[in-house]
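Residue strings, one per chain:
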Amino acid sequence: MCIATGVVPAAAAPPRTIKAEPAAQSVFASPEMIARWINGYRAKPEPDKLPAAVKAMSVYSLFKDTETSGLYIGFMAGVLAGEGAKADAMLARLFPLPPEDHIAVIKAVAYSGLPNWKTSLKSIAERMPARANVVDRYLTDKLPTLAALPLDAGAGPLDVLWGVYYATGSYEPILRIISILPWSKTAANVDRLTIGSMARWTLAQNASRDMELLGLLKRALAAEPKATSGALREIVEAAEIGEIAKIRKDAIAAIETMKVKGSKTLQDYNWWSQAGQTVLALGCVTASALGQAQIGVPCVIGGALSGVAAKAFQPKE
């Protein structure tokens, strides 16, 4: 997608040699083209292109790592949610896909919030025989839908919420992200502190480039409790003046303080390597669409952030 100035990313994975329909090859001939489409989707919804986009995502291994595919899964879920009764017909057009990518489709259906999502999932189950156990676990409520997805289970759920927002522009995923801002001030749980810090940073990063999102955050200020409104006000101010570096520095300082006071295990905790794909939030997608690279964050095609993200988020000596 986009590359931060002065940061050399890991090489993007080559396209897999699987057959994609012509539409996927022409309309989405590169991951950058997928990024541009995602970025413009809220302004110009084109749900009929989702099957071609999903097949292109598969070709470029964007579902390969289940820990970093949340952005795309959330986007798929959001598009499906907008299709209502036509969702089943769209789902049928997503196939064939390699078996390893079926999990992404299953999660997208379960996270879509469609009233009859279980019926929709059953309608495509026979196309995914190797994933029968996963399908059954969602159908029997042994795996959570998006509304019940625990946000402190890593960066993945946060990515899913951003993906839904890209597809819908909905207030709901943003409100859920806002709801965990108090975690960025929590001094007792490193996992929540990390995820809360990422929520805070990505809201500021995205709102600095998305005026609609900035408007949502401003409107939320009046309704949020004191524990949340303070952090949200800082985010709005940082986004308005384009000074988001302080938020990253504050997050690093909070984590470092916890590490100093905590156990040896906590002292060795590399929170920046746990950031997940949330750094591939709207700021990156927008910069890619506009041909800008100077956004201060490494965005690696395919979501492979491990090495490059660590450099960006490590405390500076």
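Note that the structure is predicted; figures quoted are calculated from it, not measured.

Reading the values: the criteria
- Residues numbered from 1 in each chain as written.
- Predicted model: local features only at pLDDT ≥ 70, side-chain atom pairs only at ≥ 80, totals over all residues.
- Heavy atoms only, no water.
- Helix = DSSP H or I, 4+ residues; strand = E, 2+ residues; numbered from the N terminus.
- Buried < 20%, exposed > 50% of the residue type's maximum accessible area, 1.4 Å probe, protein only.
- Contact = heavy atoms within 4.5 Å.
- Expected span 1.5 Å × (residues − 1).
- Salt bridge = Lys/Arg side-chain N within 4 Å of Asp/Glu carboxyl O.

Caption draft 1: Fine view of the overall build of the protein. Scanning the protein from terminus to terminus reveals 17 helices and zero strands. Counting across all 317 residues of the protein, residues that qualify as buried make up 53%. At a minimum sequence separation of 6, the contacts of the protein that also span at least 24 residues come to 69%.

Caption draft 2: Looking closely at helix H13 (residues 226-241). In this model, H13 (16 residues) spans 23 Å end to end at C-alpha, consistent with the 22 Å of a helix rising 1.5 Å per residue. Of all the residues in H13, the buried ones are Thr 228, Ser 229, Ala 231, Leu 232, Ile 235, Val 236, Ala 238 and Ala 239. One or two residues past the end of H13 sits Gly 242, with phi positive at roughly 70 degrees.

Caption draft 3: Summary view of the pattern of salt bridges. Under the counting rule described, the total for this entry stands at nine salt bridges. When the shortest N-O distance is used, the salt bridge between Glu 46 and Lys 49 registers 3.2 Å. Look at Lys 49 and you get partly exposed, because its relative accessible area is 30%. Ionic pairing is found between Arg 192 and Asp 152, a salt bridge with its closest N-O pair at 3.1 Å. With a gap of 40 residues between them, Arg 192 in helix H11 (residues 190-207) and Asp 152 in the loop between helix H8 (132-139) and helix H9 (156-168) connect regions that are remote in the sequence.

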